[in-house]
Every structure is written in C-alpha cells, then in structure tokens.
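Listed here are the chains, written in short residue letters.
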Amino acid sequence: MTALDVVNTLSGYLWGTPLLVTVLFGGIFYTLATKFFTFRYFGHMIKHTFGTLLKKDESKEKAAGKISPFEAVAVAIGGTVGVGNIGGVSTAIATGGPGAVFWLWLWGLCGMTIKTAEVSLAVYFRSKDESGNFYGGSTYYMEKGIGKAMGLKIWKVLALIFFVGMFAGMIGGAQTYTIAEGLHTSFGIPMLPFTICYAAFIILVVWKGIHSIANFATKVVPFMCLIYLVGGVIIIAKNLGTIPHVFGMIFSDAFTGTAAVGGFAGAAFAQVVKTGVARSIYSNEAGWGSSPFAHASANTPHPVRQGLWGSFEVFVDTILVCSITALSILCAGVWDSGIMGASLAIEAYSTAFGTIGGNFITICVFLFGMTTSTGWCAYYEVMIRQLFSKNMKLRENFVKLYKLVFMLPGVYVVWLAETGGSGPELIWAIADCTNAVPTFANIVALLFLSKQFLMLLNDYKARYLGIGTVDPNFKVFYDTEDQPVAVG
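The rules we used
- Residues numbered from 1 in each chain as written.
- Predicted model: local features only at pLDDT ≥ 70, side-chain atom pairs only at ≥ 80, totals over all residues.
- Heavy atoms only, no water.
- Helix = DSSP H or I, 4+ residues; strand = E, 2+ residues; numbered from the N terminus.
- Contact = heavy atoms within 4.5 Å.
- Areas by Shrake-Rupley, 256 points an atom, 1.4 Å probe, with all protein chains shown as cover.
- Salt bridge = Lys/Arg side-chain N within 4 Å of Asp/Glu carboxyl O.
- Buried < 20%, exposed > 50% of the residue type's maximum accessible area, 1.4 Å probe, protein only.
- Expected span 1.5 Å × (residues − 1).
- Axes fitted to C-alpha atoms, helices over the stretch in contact; angles between N-to-C directions.
- Parallel < 35°, antiparallel > 145°, perpendicular 65-115°, else oblique.
- Left-handed = near helix turned anticlockwise from the far one by under 90°.
- Nonpolar A, V, L, I, M, F, W, Y, C, P; charged D, E, K, R; others polar.
- Patch = residues over 30% accessible without salt bridge, like charges linked within 9 Å, V, L, I, M, F, W, Y side chains within 5 Å.
- Phe/Tyr/Trp six-rings, centres within 6.5 Å; stacked < 30°, edge-to-face > 60°.
- Lys NZ or Arg CZ within 6 Å of the ring centre and 35° of its normal.
- Polar contact = N/O pair within 3.5 Å; in protein donor to acceptor, adjacent residues only side chain to side chain.

Caption draft 1: Representation of the overall build of the protein in the model. Assigned secondary structure in the protein consists of 23 helices and two strands. Excluding contacts between residues fewer than 6 apart, the proportion of contacts in the protein whose partners are at least 24 apart in sequence is 82%. Carbon and sulfur atoms form 67% of the exposed surface of the protein, whose accessible area is close to 18200 Å².

Right under this line is the structure:
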C-alpha cells in the first residue's frame, strides 16, 4: 500500500458522514438562527469592511500595541486566500468533478455566517498580554466560553482535539508544494532546492512577529487578489459561450456524481460532497477555527464589527477568488485532462493566454502561498502563547524555536511527494486530513456557544442597526479591562 493509499483511506474516515453532517448542520443552523444576517445585511457588511478602506481615519485606526481591523483581516485573508484557491480548487475539480464546485459554494455561503460567529466570539473572549497586545482565538472561546462561563469541562477535550489537529497541519506542506510545483511547471526550477530557499525566506519574514506579518500582508494581499481576479475574468469572458454548459455541469453533477470523461476517472456523489466541502473549508477556513487567532488582535469597538470582516474574508476567498479559479478551469475545458494541482490552473491560463498566462498564474501562486505561510505562522504563535501562558520565559523561547523550525515539516512532505511520484494528489489528501480534526472540534464548540453569539449579534443590531433596544448592562467584551468602548 502506497503513502497515497494510506492517506486517502484516512481522509475517507475523517471526512465521513459524521463530520460532513456536523459541518453542514452547523452552517445551516447558524444561518437560520441569525435569520440570514450575512445576506440580509450584506450591504452593511460591505460598508463597514471594504467601505472603510476608502476612509483614511477608519482604515488606519489603530492603538499602541494593537493592529487595525484591516491589518487583522489582511493577515487572515493572507491565511485564507492562498494556494487552496488555485491548487486546492483545481484538485477538487480534478478529483470530484464540476459538482464539487456546488458544494464549495454552499459551504462558502454558510461559512460567511460561521466565520462571523467564530471571529466575533474570538474577539469577545480574547485576553491581553503583558505588553498590552490583544490575543485570542478558538481555544480561548472554548476555555472562557464553554469552560468558565458555562462551567463545562468538555472544553478541555475539544481544545485538545483542536490543538492536535492544528499542529498536525504543520506537516501538510500544501502551500510550499504548490508554489514549487508552479515554478517548476512554468520555469523549470527544481522543486526541492527551491523549497529549502523558500522556507528560509518565510522564516525571515515571520521572525519579527504578528505586527511584521500584518505589515507584509497589507502590502501584498490587495495586489495579489486584484491581479488574479482580473486574469480569471478575462478567461471567462473569452469563453462566454460555454457558461450555460458549465453551470449545468456544476448543478447536475452536484447531486448525481460525475461519470468518467476523458482523463477524468469519475466521482461518486459522496466523493463530490466531501471534496467540495473539505476544499472549501481549506480555502476559506470558515469553521476551521484558524483565522480567529488573527482577528482577535484587532482594535475594534464591538466583536461583531470584526466578525463582519470575517464574513467579508469568506466572500472574497470563495465567492470571488475560488469561483474565478473554478470557472476559468471549466470554461477553458481542461478540467478532465488528468492534470492535478496548480498545474491544472496553469494549463487553463496557458490555453487562454499562452506562456504568458501560465507564468502569470505561477506568480499568483507564489504571492498567495507567501501570505498563507506567514498568516498561519501567526495563528500557531497565538496558540503557543496560550499553551505556555503561565511561564513567560518558556513561552518566548518556544515561540522563537517554533519560528525556526515550522517550515521544516513542509520541506519533508514536499520531498516525500516529489520522490514518491504522487505529487499534488498526496499533498491535498494530507491537507484534507489535517483540517478535518480541528474543524470538528471547532464546529462543536460553536454550537455550544451559539446562544452567546446570538446575544452579541442582537446587541450589535441594537447599537448599529437600530433593531431592538440597547441593554446598558450588557458586556460587549467578556473581559472589559482596557477594551475599546462600544458606541450606540
């Protein structure tokens, strides 16, 4: 049995019916419980996220020792808008067929509400370190929300499962491999030597901590998203006549599976659902519980205000960027060619633009991968700080050690995939395994904390939307000391 067979078997168990039901139930429950908040107030969300970037006083607002809401979302989008949007979506279509795109979209829509909830809860339950910096995330709302506020010891089980799953993600190597794959396909650069150089470069970027990462992300994220979207729109525009057929395949194959076509092996209904949902979560991280670690550091007057940035993040990642990737590949007619990973997206762009198109997508892969690698380093750093919260010296030394070695497992996995011949199929099978475990723990935690989030949401609607009455005794933050003041 090969490494790919072992990982595929494990992925099949982890992403079996129990997890899929839990994830989809959580997404649908939150969407219904909030009365479709992210859809009904989509304009409000855009106004207070993207709209604030046009106002210098709001977009640049930050306090000493904190990062601005935009910097937080830049780190988070840097963590989500990554190679999963290119290599991940490409492989989802190559292994699950066009129907996988439907399930990717479905979770993207539900994920807008889920991400609003997990970000809001992370900000609400966050803590402050000795230097005055805010920090928090999924394990913090498990500890404070389920453990302290609800008095349930199950938070320790959920946090342990989450920690194990998240740190197992260090071995994935999807970002590094996809960048190396793209550069090798387009420019013939040897994969393993590049991987080593890339790992060293990322270590240099993250050495100065989350503020350095935030500064890096704010410069790269808007640029990389824009150029990628423009290129994809041009491909779709050049193939407008195929759009009806493409959407027909997406919606019909979503519920029937996909028969074998060309180099495509065909996919059963269960595989289509699993592939679409798993790859959507890997891409937009809604429900994964990862990006709340970045958002918790933001200087924001209300947890739900930062939660709107989480919703915006999913919208950009899945509804815009992932859709561009999927439609580009399907419109170009290369989805059943047997090609996997970033190479499939490169093939689509090369079909439309020639060599220049392939080189263009490779540059996008490089930019996407850099911001994802640095963004995830920030997430892990916050989790490490919680693990060693009672020993500052040990905590700081462990963080430094982590920053030196966190890229090494990815280098090993790239070597394994390259020498074993399994390539992107193995890499993305590993990615599916590593995001299944923390996603399960986080979704369960969100279900436990749904009442707290709905109270936060109602308070936000009363203060900022004029819906209901503001309760003057309601605590906008769990720990109120030195928190921003919410305004009515």
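Caption draft 2: Summary view of the pattern of salt bridges. Inspection of every chain in the model, using the stated rule, returns five salt bridges. Note that Asp432 is salt-bridged to Arg279, the shortest N-O span being 2.8 Å. Separated by 153 residues along the polypeptide, Asp432 in helix H22 (residues 423-448) and Arg279 in helix H15 (residues 269-284) bring together distant segments of the chain. We note that Asp432, like Arg279, is buried. Here Glu396 and Arg395 are joined by a salt bridge, their closest N and O atoms 3.2 Å apart. Look at Glu396 and you get partly exposed, because its relative accessible area is 27%. Here Arg395 falls in the buried class, since its relative accessible area comes to 5%.

Caption draft 3: Structural view of helix H2 (residues 17-33). Helix length check: H2 (17 residues) gives 23 Å between terminal C-alpha atoms against 24 Å at 1.5 Å per residue, within 8%. Within two residues after H2, Lys35 carries a phi angle of roughly 55°, on the positive side.

Caption draft 4: Spatial organisation of unusual backbone geometry. A positive phi is found at Phe36, a non-glycine position, where the angle reads about 60°. Counting through the fold element by element, Phe36 comes out in the loop between H2 and helix H3 (37-40). A relative accessible area of 40% places Phe36 in the partly exposed class. Although it is not a glycine, Glu285 adopts a positive phi angle of roughly 65°. Of note, Glu285 is situated in the loop between H15 and helix H16 (292-295). Looking at Glu285, the relative accessible area reads 0%, which means it is buried.

Caption draft 5: Examining the packing of helix H14 (residues 243-256) against helix H17 (residues 303-332) more closely. At their nearest, the axes of H14 and H17 sit 10 Å apart, and the two run at 115° to each other. Taken as axis vectors, H14 and H17 run roughly perpendicular relative to one another. As H14 runs across H17, the sense of the crossing is right-handed. Here Ile243, Val246, Phe247, Met249 and Ile250 of H14 come into contact with H17, specifically with Leu327, Leu330 and Cys331. Residue composition of the contact of H14 with H17, grouped by class: eight nonpolar, no polar and no charged.

Caption draft 6: Focus on a nonpolar patch on the surface. Taken together, the side chains of Trp207, Phe398, Leu401, Leu404, Val405 and Leu408 make up a nonpolar region of the molecular surface, amounting to roughly 540 Å² of accessible area. Looking at which element gives the most residues to the nonpolar patch, the answer is helix H20 (residues 392-405), with four residues. In this structure, Leu408 sits in helix H21 (residues 408-420). Leu408 sits in the partly exposed class, given a relative accessible area of 49%.

Caption draft 7: Inspection of the packing of aromatic side chains at higher detail. Enumeration according to the criterion identifies 29 aromatic pairs in this entry. Judged by centre distance (6.3 Å) and plane angle (70°), the rings of Trp103 and Phe269 are edge-to-face. Taken as a pair, Trp103 in helix H8 (residues 99-124) and Phe269 in helix H15 lie far apart in primary sequence, 166 residues in all. Classification of Phe269 by relative accessible area gives partly exposed; the value is 38%. An aromatic cluster is built from Phe102, Trp103, Trp105, Phe247, Phe251, Phe255 and Phe269, whose rings are joined through pairwise contacts. The ring of Tyr464 has Arg305 sitting right over it, with the charged end atom 4.7 Å from the ring centre. A cation sits over an aromatic face here: Lys475 above Tyr478, 5.8 Å from the ring centre.

Caption draft 8: Summary view of the packing of H17 against helix H18 (residues 341-353). Direction vectors running N to C along H17 and H18 enclose 60°, while the axes themselves pass 9 Å from each other. It follows that H17 is oblique to H18 by the angle criterion. Along this stretch, H17 crosses H18, giving a crossing that reads as left-handed. Residues Ile324, Ser328, Ile329 and Ala332 of H17 pack against Leu344, Ala345, Ala348, Tyr349 and Thr351 of H18. Looking at side-chain class alone, the contact of H17 with H18 contains seven nonpolar, two polar and no charged residues.

Caption draft 9: Layout of the side chain of Thr49. Assignment of secondary structure puts Thr49 in the loop between helix H4 (42-47) and helix H5 (56-59). On the accessibility criterion, Thr49 (0% relative accessible area) is buried. Of note is the side chain of Thr49, whose polar atom sits 2.6 Å from the backbone oxygen of Met45. In contact with Thr49, not counting residues within four places along its chain, are Leu308, Trp309 and Phe312.

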